[in-house]
Amino acid sequence: MVDRSGIKKPFYRDVVKGVSNVTLYNFSPGPAMLPSIVMKRAQAEFRDYAGLGASIIEISHRSPAFLNLLDECIARFKELTNLPANYRVIFIPGGARMLFSAVPLNLMGRKPAQRALYSDSGEFAKQAIEEAQRYGEVQVIASSRDDDYRGVPAIASADLDPEASYLHVTSNNTVYGTAYPELPLTGSLPLVVDATSDWLSRPLDFSQTGIVYGGLQKNLGPSGLALVVVRDDLLDSSSPLTPLMLSFRYHVDNNSLGNTINTFAVYMFKLVLDWLAAEGGIPAMAAQNQQKSKLIYDIIDASPFYEGCAHSHSRSHVNVTFRMQDTKLEAKFLKEAEANGLFALQGHRFVGGLRASLYNGMPLAGAQALAEFMKGFAQRHS
Ligand SMILES: *Cc1c(COP(=O)(O)O)cnc(C)c1O
């Protein structure tokens, strides 16, 4: 039997049991909180989807009800992103890391050199690089590793070798709380973006990209499924060894239904997209994420008690990483935060410290509650 005796964490709701006027906010980096209105809707129709008398997880992925849902979901995504007509939207099972393999398998062979360029901007970028090295030559043209990934490394246009097959960039570095303020312009070299943690949290000009991919579990839905936006001209250079289930061309030709797609994830994603559209779309999300993160960064900047981990020009609007000047106080901070209904604020296990993830689903009131708590905590312990 697995020994879980070290895991003492009670469920969020139990921690604040008996404190009647505390609202719970979940700052988890992923899987992450979804809008409460979406969760309620999913709960309400879980056992009876669209009057069918069965759940969305109990009907065929080839049934008209699901096919309709899938079509609507993709149409909604295209509409929200203003996606140009020469891009396809597919789902690939396995999440974002599956794309660390799928991208080189599908693209490395675009050019005879079988070489890809990568920016090493954090933990997931590093994992993507290590995986790509199995399939071809990888050239790391920018890295902030020597700076402990506190900023995103600049990409020099002189390094954009046209004989390379693509350039891979991680737009938001979830672990370190950094983000590219703008993506590089790469001309004819296809730009591949891992956008797992900032999908639809800020505008992205898809027309400047070759492929944008990511898991759904940070801004958009449940884990285990990746969404991939791929430009038409990049569908046909895959290595003959590419597993069928990782082939972009195969998923395009089969409308992502080459195997049994994760129907529940698609369903949740569709609910999130409907919510997002009703809230004013991506510009509204970006404005609110800016506002939420500013509340926290302002407190970090105003007090020597807290220290931001990311350089200010590289700060993420969805993952705010910070430490306490007196790091011994961090455990106390986490404990008191939980007693106040503020959960999952511990930093990534590789870096420690604290991290507040403020994805689209986190309401402004959650960031306000955290800001108030941080202010009070600093006063009590300074
Ligand atoms: C979370 C994350 C991943 C890993 O996603 P999985 O779906 O677990 O494979 C990859 N890239 C980035 C930027 C992430 O934030």
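Reading the values: rules and limits
Residues numbered from 1 in each chain as written. Predicted model: local features only at pLDDT ≥ 70, side-chain atom pairs only at ≥ 80, totals over all residues. Heavy atoms only, no water. Pairing = 2+ DSSP bridges. Helix = DSSP H or I, 4+ residues; strand = E, 2+ residues; numbered from the N terminus. Axes fitted to C-alpha atoms, helices over the stretch in contact; angles between N-to-C directions. Contact = heavy atoms within 4.5 Å. Core = buried A, V, L, I, M, F, W, Y, C linked by side-chain atoms within 4.5 Å. Buried < 20%, exposed > 50% of the residue type's maximum accessible area, 1.4 Å probe, protein only. Salt bridge = Lys/Arg side-chain N within 4 Å of Asp/Glu carboxyl O. Near = heavy atom within 4 Å. Polar contact = N/O pair within 3.5 Å; in protein donor to acceptor, adjacent residues only side chain to side chain. Areas by Shrake-Rupley, 256 points an atom, 1.4 Å probe, with all protein chains shown as cover. Nonpolar A, V, L, I, M, F, W, Y, C, P; charged D, E, K, R; others polar. Expected span 1.5 Å × (residues − 1). Phe/Tyr/Trp six-rings, centres within 6.5 Å; stacked < 30°, edge-to-face > 60°. Right-handed = clockwise from strand over helix to strand, strands pointing away. Parallel < 35°, antiparallel > 145°, perpendicular 65-115°, else oblique. Left-handed = near helix turned anticlockwise from the far one by under 90°.

**Student:** I tried to follow the sheet that holds strand 11 (residues 306-308) on my own but got confused; where do I start?
**Tutor:** Neighbouring strands of a sheet are bound in pairs by backbone hydrogen bonds; such pairs are parallel or else antiparallel. What the three strands build is an open sheet, ordered 11-12-14; its pairing is antiparallel. In this open sheet, the two strands that pair with only one neighbour each are strand 11 and strand 14 (354-357). Each strand axis lies, on average, 35° off the axis of its neighbour in the sheet, ignoring direction. Seen against the sheet, helix 8 (residues 281-302) touches strand 11 and strand 12 (319-324) and runs at an angle of roughly 20° to strand 12. In the packing of helix 10 (residues 364-381) onto the sheet, the strands contacted are strand 11, strand 12 and strand 14, and the crossing angle to strand 11 comes to about 130°.

**Student:** Help me out: how do you make sense of the nonpolar core in this one?
**Tutor:** Residues F77, F91, L167, W199, V229 and F269 are the most contacted members of the largest nonpolar core, which totals 55 residues. Of all the elements, helix 7 (residues 263-278) adds the most residues to this core, at 10 residues. Contacts of L167, omitting those with residues within four sequence positions, involve L117, Y118, S119, I141, I155, L160, P184, T186, L189, P190, L191 and V192.

**Student:** Which parts of the structure should I look at to understand the pattern of salt bridges?
**Tutor:** It is possible for side chains of opposite charge to pair when their charged atoms get near one another. For the structure on display, the rule yields 19 salt bridges. Two residues, R76 and D274, come together in a salt bridge whose shortest N-O distance is 2.9 Å. Of this pair, R76 sits in helix 3 (residues 64-81) while D274 sits in helix 7, placing them 198 residues apart in sequence. Judged by relative accessible area, which is 24%, R76 ranks as partly exposed. Between K294 and D298 there is a salt bridge, with its nearest N and O atoms 2.8 Å apart.

**Student:** I would appreciate a short explanation of the site of the ligand in the present structure.
**Tutor:** Near the ligand there are 13 residues, and of these R97, T174, D194, Q217 and K218 occur at the shortest range. In the model, an oxygen atom of the ligand is placed 3.0 Å from a nitrogen or oxygen of the A96 main chain. The separation between a nitrogen atom of the ligand and a polar side-chain atom of D194 is 2.7 Å. Here the ligand has 390 Å² of accessible area as a free molecule, and 87% of this is covered by the chains. Among the elements that take part in the shell around the ligand, helix 4 (residues 96-107) stands out by supplying three residues, more than any other. For the shell around the ligand, the residue count by class is three nonpolar, seven polar and three charged.

**Student:** Looking at this structure, how should I read helix 5 (residues 123-132)?
**Tutor:** Side chains of residues three or four places apart in an α-helix project in the same direction, reflecting 3.6 residues per turn. Along helix 5, seven of the 10 residues are buried, which leaves the element largely enclosed by surrounding structure. Looking at helix 5, one finds that the buried residues are E123, A125, Q127, A128, I129, E131 and A132. Looking at the buried side of helix 5, the elements it contacts are helix 4, strand 3 (115-120), strand 4 (137-143) and strand 5 (167-170).

**Student:** Honestly, helix 8 in this entry has me stumped. Any pointers?
**Tutor:** For helix 8, built from 22 residues, the straight-helix expectation of 32 Å at 1.5 Å per residue is met to within 8% by its first-to-last C-alpha distance of 32 Å. Buried residues belonging to helix 8 abut helix 3, helix 7, strand 11, strand 12 and helix 10.

**Student:** Can you help me understand the packing of aromatic side chains in this one?
**Tutor:** Two numbers describe a pair of aromatic rings. These are the distance of the centres and the angle of the planes. All told, the structure shown has 18 aromatic pairs when counted by the stated rule. Here F305 and Y306 contribute two aromatic rings whose centre-to-centre distance is 5.0 Å and whose plane-to-plane angle is 85°, an arrangement assigned as edge-to-face. Residue classification places F305 among the buried residues on the basis of a relative accessible area of 10%. Site record: aromatic cluster; members linked through ring pairs are F305, Y306, F322, F333, F373 and F377.

**Student:** How do you make sense of the pairing of strand 3 when you look at a structure like this?
**Tutor:** As a general feature of sheets, a regular strand has side chains that alternate between the two faces. The buried count for strand 3 comes to six of six residues, which makes it a mostly enclosed element. The alternating pattern of strand 3 places R115, L117 and S119 and A116, Y118 and D120 on opposite faces, both of which are buried. Relative to strand 4, strand 3 runs parallel, the two being bridged by six bridges. Within strand 4, the position partnered with L117 by the bridge is Q139. Viewed along the sheet, the connection from strand 3 through helix 5 into strand 4 turns out right-handed. Note that strand 3 and strand 5 share two bridges and pair parallel. When the bridges of strand 5 are listed, Y118 appears paired with H168.

**Student:** Is there a simple way to explain the packing of helix 4 against helix 5 in this structure?
**Tutor:** The relative placement of two packed helices comes down to the angle between their axes together with the axis-to-axis distance. Direction vectors running N to C along helix 4 and helix 5 enclose 40°, while the axes themselves pass 9 Å from each other. With respect to helix 5, the axis of helix 4 lies oblique. Along this stretch, helix 4 crosses helix 5, giving a crossing that reads as right-handed. Of helix 5, the residues touching helix 4 (which contributes R97, F100, S101 and P104) are F124, Q127, A128, E131 and A132.

**Student:** Explanation requested: unusual backbone geometry in the structure shown.
**Tutor:** The general pattern is negative phi for most residues beyond glycine and trans for most peptide bonds. Residue P31 is reached from G30 by a cis peptide bond, and omega for that bond is -10°. Positive phi values are uncommon outside glycine, yet A50 reaches one of about 50°. Even without being a glycine, N82 presents a positive backbone phi close to 50°. Structurally, the position occupied by N82 is in the loop between helix 3 and strand 2 (87-93). Its relative accessible area of 66% is what places N82 among the exposed residues.

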